[in-house]
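# Architecture and fold: a report
Residue-level listing of the chains:
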Amino acid sequence: MKLRSGVGIAAAMGLVMATLAGCKDKHEDSAAQEAPPAQVQVESSSVTDVVHVAAPERFRLTSTGIRSIDGTLAVTGTVNPDVSREIPVLSLANGRVVALHVGLGDTVRKGQMVMEVQSPDVAAAFDTYTKAVNDEHLTDVTLTRDKLLYDKGAIAKSQLETAQAGEDDAAADLRAAEQQLRVLGVDKSHPADTVKVYAPASGVIITQNTTASGAAGVTYTGASGSFTIADLSHVWVVCDVYENDLAKVKLGDSASIQINAYPGKSFQGTVSDIGAVLDPTIRTAKVRIQVPNPGGMLRIGMFATATLNVAKAAMQTTLPSTAVLHLHDRDYVFVPAGNGDFRRVVVKLGASLDGGSVVVQSGLAAGQQVVANALELQNTADQG
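Structural notes, computed from the coordinates.

Here is what the cut-offs are and how they apply
- Residues numbered from 1 in each chain as written.
- Predicted model: local features only at pLDDT ≥ 70, side-chain atom pairs only at ≥ 80, totals over all residues.
- Heavy atoms only, no water.
- Helix = DSSP H or I, 4+ residues; strand = E, 2+ residues; numbered from the N terminus.
- Contact = heavy atoms within 4.5 Å.
- Areas by Shrake-Rupley, 256 points an atom, 1.4 Å probe, with all protein chains shown as cover.
- Phe/Tyr/Trp six-rings, centres within 6.5 Å; stacked < 30°, edge-to-face > 60°.
- Buried < 20%, exposed > 50% of the residue type's maximum accessible area, 1.4 Å probe, protein only.
- Lys NZ or Arg CZ within 6 Å of the ring centre and 35° of its normal.
- Pairing = 2+ DSSP bridges.
- Axes fitted to C-alpha atoms, helices over the stretch in contact; angles between N-to-C directions.
- Parallel < 35°, antiparallel > 145°, perpendicular 65-115°, else oblique.
- Left-handed = near helix turned anticlockwise from the far one by under 90°.
- Nonpolar A, V, L, I, M, F, W, Y, C, P; charged D, E, K, R; others polar.
- Core = buried A, V, L, I, M, F, W, Y, C linked by side-chain atoms within 4.5 Å.
- Expected span 1.5 Å × (residues − 1).
- 1 Å grid on protein atoms, 1.4 Å probe; cavity = no way out; pocket = protein on both sides within 12 Å on 5 of 7 lines; lining within 4 Å.
- Points joined across faces, edges and corners; volume = space filled by probe spheres on them.

Take the overall build of the chain next. When its secondary structure is counted, the chain shows 4 helices and 21 strands. Taking all contacts inside the chain whose residues are at least 6 apart in sequence as the whole, residues at least 24 apart take part in 73%. For the chain, the computed accessible surface area is about 23200 Å², with 55% contributed by carbon and sulfur atoms.

Summed over all chains, the structure comprises 3 aromatic pairs. Measuring from centroid to centroid gives 5.9 Å for Phe 126 and Tyr 129, while their planes differ by 45°, and the two rings are tilted. You can see Phe 126 and its partner Tyr 129 sitting in helix H2 (residues 120-151), 3 residues apart, about one turn around the helix. Relative accessible area serves as the criterion here: at 24%, Phe 126 is assigned to the partly exposed category. The residue whose ring lies beneath Lys 265 is Phe 267, and the NZ or CZ to ring-centre distance is 5.4 Å. The ring of Tyr 332 has Arg 344 lying over it, and the distance from NZ or CZ to the ring centre is 4.7 Å.

Pairing is antiparallel across the open sheet formed by 4 strands, whose spatial order is E8-E7-E5-E10. Taken across any chain shown, the strands that pair with only one partner, and hence form the sheet edges, are strand E8 (194-198) and strand E10 (215-216). Across 4 bridges, strand E5 (residues 95-100) lies against strand E7 (residues 113-118) in antiparallel orientation. Bridge pairing links Arg 96 to Gln 118 in E7.

Moving on, we come to the pairing of strand E11 (residues 227-230). Side chains Phe 227 and Ile 229 of E11 all project onto a buried face; the interleaved residues Thr 228 and Ala 230 project onto the opposite face, where all are buried too. Of the pairings in the sheet, the one linking strand E4 (residues 86-89) to E11 comprises 4 bridges and is antiparallel in character. Note that in E11 the partner of Glu 86 across the bridge is Ala 230. Note that strand E9 (residues 203-208) and E11 share 4 bridges and pair antiparallel. The residue bridging Gln 208 from the neighbouring strand is Phe 227, located in E11.

Direction vectors running N to C along H2 and helix H3 (residues 157-184) enclose 155°, while the axes themselves pass 8 Å from each other. By the angle between their axes, H2 is roughly antiparallel relative to H3. H2 and H3 meet at a crossing whose hand is left-handed. Taken together, the residues that form the contact of H2 with H3 break down as 16 nonpolar, 7 polar and 10 charged.

Another point: the nonpolar core. Counting residues in each nonpolar core, the largest one holds 25 residues, and the members touching the most others are Val 237, Ile 257, Ile 259, Ile 289, Val 291 and Leu 308. Within the residue set of this core, elements represented by two or more residues are strand E3 (65-81), strand E12 (234-242), strand E13 (254-259), strand E14 (266-278), strand E15 (284-292) and strand E16 (303-320). With near-sequence residues (within four places) excluded, Ile 259 lies in contact with Val 79, Phe 267, Leu 298, Met 302, Phe 303 and Ala 304. Counting 13 residues, the second-largest nonpolar core is a separate cluster that includes Val 89, Val 97, Val 108 and Met 115.

So, about H3. The terminal C-alpha atoms of H3 lie 41 Å apart, and with 28 residues this matches the ideal 40 Å at 1.5 Å per residue to within 8%. For H3, the complete set of buried residues consists of Leu 160, Ala 163, Glu 167, Ala 170, Leu 174, Ala 177, Glu 178, Leu 181 and Leu 184. Those residues of H3 that are buried lie in contact with H2 and E8. Where H3 terminates, the next one or two residues include Gly 185, which has phi positive at roughly 85°.

We now examine the pairing of E9. Looking at chain direction, strand E6 (residues 107-108) and E9 are connected through 2 bridges and run antiparallel. Bridged to Thr 107 within E9 is Val 204.

What follows is about the layout of surface pockets. Here the largest pocket is characterised by a volume of approximately 460 Å³. Lining the largest pocket we find 25 residues, and of these Ser 256, Gln 258, Ser 352, Leu 353 and Asp 354 sit closest to its centre. Contributing elements (two or more residues each) for the lining of the largest pocket: E3, E13, E14, E16, strand E19 (341-353) and strand E20 (357-362). Residue composition of the lining of the largest pocket, by class: 7 nonpolar, 14 polar and 4 charged. Taken as a whole, the second largest pocket spans an internal volume of roughly 160 Å³. Forming the walls of the second largest pocket are Gly 105, Val 204, Ile 205, Ile 206, Leu 232, Asn 293, Gly 296, Leu 298, Arg 299 and Ile 300. Taken together, the residues of the lining of the second largest pocket sort by class into 6 nonpolar, 3 polar and 1 charged.

Here it is in structure tokens:
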């Protein structure tokens with residue numbers, strides 16, 4: 001078809017543009033219908049979030065309290081034996097261990113046999129004892145005879161004195177030989193080639209340096225002992241305290257010890273030593289806490305957290321630990337905001353207290369209400 005005038009051409013062009021515009025509008029309407037609805041954006045500040053629940057009465061509320069609490073310093077450490085209560089078990093006879101009656105970790109009583117040692121020292125000591133018995137017998141007979149002769153005027157007094165001196169020397173040698181047998185643990189009436197070694201004190205064997213058929217005894221190079229017995233009725237908790245905190249710690253400060261193995265239980269101790277040397281790598285000093293250990297609950301090597309009371313008592317805000325939600329390395333509580341809303345508030349916590357409470361250093365005021373079980377509320381909100 002031929003268009004014979006400019007008006008016709010213009011009309012045709014208008015018809016094409018209208019058609020294109022109509023197609024474009026239909027496409028945009030279709031795209032708008034197919035696009036997903038915009039997501040709801042939840043705005044929250046850096047310190048609070050709002051959680052809404054359908055039945056807020058389900059969640060019991062509790063109030064923050066206020067208590068007089070000593071200033072504290074929390075440090076970590078391990079349980080160690082009190083070295084003043086460690087006793088080595090030594091065999092004074094050198095030789096070979098032929099029998100072990102106890103082992104590492106065993107509890108022993110004072111006087112209990114712990115091992116037997118076969119030793120040539122026994123033979124040498126018994127030989128010395130036998131000769132001393134014979135010499136003393138001979139000098140005693142000589143003295144008795146010289147006394148009789150002196151009474152009859154047959155010998156001079158000097159000869160009698162010589163005989164008396166000989167008897168005294170022989171008796172001294174005999175006593176020394178008997179003492180040597182006792183030290184070695186040998187019964188002079190029933191000699192044997194082995195020495196029985198007994199525990200010098202009651203306690204727990206914390207180190208064992210010999211085995212059956214191993215060597216035992218004391219040499220000139222020194223010996224650490226076949227066993228080490230420790231009285232664990234008192235132990236040390238040795239903690240690392242940073243250089244910046246050392247000025248706060250004083251000898252005699254009280255400390256509360258918490259052990260991972262006994263959650264909710266604390267042990268009381270006293271600072272007995274503050275190390276004079278710092279670790280050059282981590283800049284800490286060793287602080288020693290003396291802790292009673294009735295029943296042996298504290299075992300050597302246990303990890304411990306110690307809370308040192310390093311300042312005078314002050315009034316501080318407290319809160320049940322169940323009201324705290326730990327999330328993303330921060331601590332929160334839920335404060336009621338009305339109409340089923342709860343506001344999640346960041347708090348800064350201090351030391352843990354007896355009875356399941358914690359100190360609140362910031363974020364809440366005394367007497368303020370919070371949800372008693374923060375984890376339960378958070379789980380309900382997540383499920384909703």
